[in-house]
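If you want the building blocks of each chain, they are given just below.
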Amino acid sequence: IREQPIFSTRAHVFQIDPNTKKNWVPTSKHAVTVSYFYDSTRNVYRIISLDGSKAIINSTITPNMTFTKTSQKFGQWADSRANTVYGLGFSSEHHLSKFAEKFQEFKEAARLAKEKSQEKMELTSTPSQESAGGDIQSPLTPESINGTDDERVTPEVTQNSEPRAEPTQNALPFTHSSTISKHWEAELATLKGNNAKLTAALLESTANVKQWKQQLAAYQEEAERLHKRVTELECVSSQANAVHTHKTELNQTIQELESTLKKKEEEIDGLKQEIENARELQAQRDSLTQKLQEVEIRNKDLEGQLSDLEQRLEKSQNEQEAFRNNLKTLLEILDGKIFELTELRDNLAKLIECS
């Protein structure tokens, strides 16, 4: 197994809403395990989290990533390859700080691994460009040098990203070219030795498989013989076994009946309790019914009183209206009398003046 977990914690997982790019969308209903994984073959660090059989986080750590603490218990980072932003909600600030420390540590390790792989690729591309005695083929594959597929740097990419003048055939000293040749010869010898070891191991495994097949056949024959022997013994002791079996069955039946009886007794006790509760509920229901009837009677009496009061109020309003009308009539009569008295006063005043 080339990829192993190196740090794990539990957190609630979120992803940024792809439509609004503002709101968080929870991808797990509860806290799940979030782990850092290290691939020793490709020298790659990843953050992985599973909710059941579904991978809700699969993010490869790159040197340009940044883990940001947005609160005391929440942090986030952007993954350009997955075209999303992941968010983690922790149960405490300590767990958040620990996760952030590991993120920074593995990010630095990823940066060093990337720089080392680029240096190796530059060493690989240099002899093919600058050697005088011909091209030196590297026995290593790109996978053994670089990290993930997205981070691989080929000699052509290096040449295009960093253009330089084409060197002459005698640009490198002979000693440097010889050293590189010895280096690749040592690598080739190592690979040949590993290939020989793997071939020997394969032959040994093949021999072991044959031996295991022979042992398996012997075990099958022995098992068949023992099976026949057991059948014979069963035939001899069939009667004793039948009695013993019957006794065992009776004991099991008795135990099952006792268990059933106990369950029935418990059910009866439960039913008695339910009946008692039902009686109490019936008594409460009867009491409430009686109170409801009393309230209805009281309500009818109040309705009668209210109707009587409404009639009295209407009668009183009618009487007040008649009283107002009478007052208006009296006021009109009084106004007429006052007018007549005023005319009479004026006439008397004129008579006094004339006399």
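All values derive from a computational prediction rather than experimental measurement. (Residues numbered from 1 in each chain as written. Predicted model: local features only at pLDDT ≥ 70, side-chain atom pairs only at ≥ 80, totals over all residues. Heavy atoms only, no water.)

### Section: the overall build of the protein chain
Test applied: Strands here are runs of E lasting at least two residues and helices are runs of H or I lasting at least four, both read from the DSSP assignment and numbered beginning at the N terminus. Residue contacts are defined here by distance: any two heavy atoms, one from each residue, within 4.5 Å place the two residues in contact. To measure how exposed things are, a 1.4 Å probe is used in the Shrake-Rupley method; for residues, cover is taken only from the protein chains shown.
Of regular secondary structure, the protein chain possesses five helices and eight strands. When the elements of the protein chain are put in sequence order from the N terminus, they spell out β-β-β-β-β-β-β-β-α-α-α-α-α. Put simply, of all contacts in the protein chain between residues at least 6 apart along the chain, 54% involve residues at least 24 apart. Here the protein chain displays about 27,200 Å² of accessible surface, and carbon together with sulfur accounts for 54% of that area.

### Structural notes on the packing of aromatic side chains
Basically, it comes down to this: By convention, a stacked pair of Phe, Tyr or Trp rings (six-membered ring in the case of Trp) has centres within 6.5 Å and planes under 30 degrees apart, an edge-to-face pair has planes over 60 apart, and any other such pair is tilted. The rule is simple: take the accessible area with a 1.4 Å probe, protein chains only, and divide by the maximum for that residue type; under 20% is buried, over 50% is exposed, in between is partly exposed.
Under the criterion given, the structure shown has 14 aromatic pairs. Judged by centre distance (5.4 Å) and plane angle (55 degrees), the rings of Phe-67 and Phe-99 are tilted. Of the two residues, Phe-67 is situated in the loop between β5 (54-60) and β6 (68-69) and Phe-99 in helix α1 (residues 93-130); the sequence distance between them amounts to 32 residues. Phe-67 sits in the buried class, given a relative accessible area of 13%. Linked through ring pairs, Phe-7, Tyr-36, Tyr-38, Tyr-45, Phe-67, Trp-77, Tyr-86, Phe-90, Phe-99, Phe-103 and Phe-106 together constitute an aromatic cluster.

### Here we look at the nonpolar core
Heads up, the condition is: To define a nonpolar core, start from buried Ala, Val, Leu, Ile, Met, Phe, Trp, Tyr and Cys residues and group those joined through side-chain atoms within 4.5 Å.
Counting 23 residues, the largest nonpolar core has Tyr-36, Ile-47, Ile-57, Trp-77, Leu-88 and Phe-99 as its most contacted members. At the level of elements, β1 (3-16), β3 (32-39), β4 (44-51), β5, β8 (84-89) and α1 are the ones that each hand at least two residues to this core. Looking at this core element by element, the count peaks at six residues for α1.

### Focus on the pairing of β8
For a regular strand, the rule is simple: side chains alternate between the two faces of the sheet. Heads up, the rule is: Criterion used throughout: strands pair if DSSP finds at least two bridges between them.
Summarising burial for β8: five of the six residues are buried, a large majority. Sheet topology places β1 next to β8; four bridges connect them, and they run antiparallel. Note that in β8 the partner of His-12 across the bridge is Gly-89. Of the strand pairs in this sheet, strand β7 (residues 74-79) and β8 are connected by six bridges, and their pairing is antiparallel. The partner of Trp-77 across the bridge, within β8, is Tyr-86. Two successive antiparallel strands, β7 and β8, enclose a turn made up of four residues, where Asn-83 displays a positive phi of approximately 55 degrees.

### Some details on a nonpolar patch on the surface
Heads up, the rule is: Patch membership is restricted to residues that have no salt bridge and whose relative accessible area is over 30%. Joining uses 9 Å for like charges and 5 Å for the nonpolar side chains Val, Leu, Ile, Met, Phe, Trp and Tyr. Each reported salt bridge corresponds to a side-chain nitrogen of Lys or Arg within 4 Å of a carboxyl oxygen of Asp or Glu.
There is a patch of nonpolar side chains on the surface, built from Phe-323, Leu-327, Leu-330 and Ile-333 and spanning about 400 Å² of accessible area. For Ile-333, the position within the fold is in helix α5 (residues 238-354).

### With respect to unusual backbone geometry
For Asn-43, which is not glycine, the phi torsion reads 60 degrees and is therefore positive. Mapped onto the elements of the fold, Asn-43 is located in the loop between β3 and β4. Even without glycine at this site, Asn-83 takes up a positive phi of about 55 degrees. Mapped onto the fold, Asn-83 is located in the loop between β7 and β8. On the accessibility criterion, Asn-83 (60% relative accessible area) is exposed.

### Regarding the pairing of β1
Pairing analysis gives eight bridges linking β1 to β3, with the strands arranged antiparallel. What sits directly across from Gln-4, in β3, is Tyr-38. Bridge analysis of β1 against strand β2 (residues 24-26) gives three bridges, and the strand direction is antiparallel. Residue Phe-14 lies in a different strand from β2, and its bridge partner there is Pro-26.

### Some points on the pattern of salt bridges
Summed over the entire model, instances satisfying the criterion amount to eight salt bridges. A salt bridge links Arg-111 to Glu-108; the shortest N-O distance between them is 2.2 Å. Linking Arg-111 with Glu-108, this pair stays in helix α1, spanning three residues, or about one helical turn. Taking the relative accessible area as the measure of exposure, Glu-108 reaches 34% and is therefore partly exposed. What makes Arg-111 partly exposed here is its relative accessible area of 29%. One salt-bridge network, in which partners are shared between bridges, spans Glu-108, Arg-111 and Glu-115.

### Thoughts on the confidence of the model for the protein chain
Short version of the rule: As a per-residue measure, pLDDT tells how confident the predictor is, with possible values from 0 to 100.
In this model, the protein chain carries an average pLDDT of 78, and 73% of its residues clear a pLDDT of 70 or more. Below pLDDT 50 for its whole length, residues 128-177 participates in 55 contacts with residues either more than four positions away or in separate chains.

### So, the environment of Lys-114
The topology assignment puts Lys-114 in helix α1. Put simply, Lys-114 and Asn-43 are 71 residues apart on the chain and 8.9 Å apart in space, counted from C-alpha to C-alpha.

### Regarding the side chain of Ser-59
Definition in use: Residues adjacent in sequence count toward polar contacts only when both atoms are side-chain atoms; beyond that, a polar contact is any pair of N or O atoms within 3.5 Å, and within protein one must be able to donate a hydrogen and the other to accept it.
Structurally, Ser-59 can be placed in strand β5. Among the polar contacts made by the side chain of Ser-59, one reaches the side chain of Asp-79 at a distance of 2.7 Å. The contact partners of Ser-59, leaving out residues within four places of it in the chain, are Tyr-45, Arg-46, Ile-47, Met-65, Trp-77, Asp-79 and Tyr-86.

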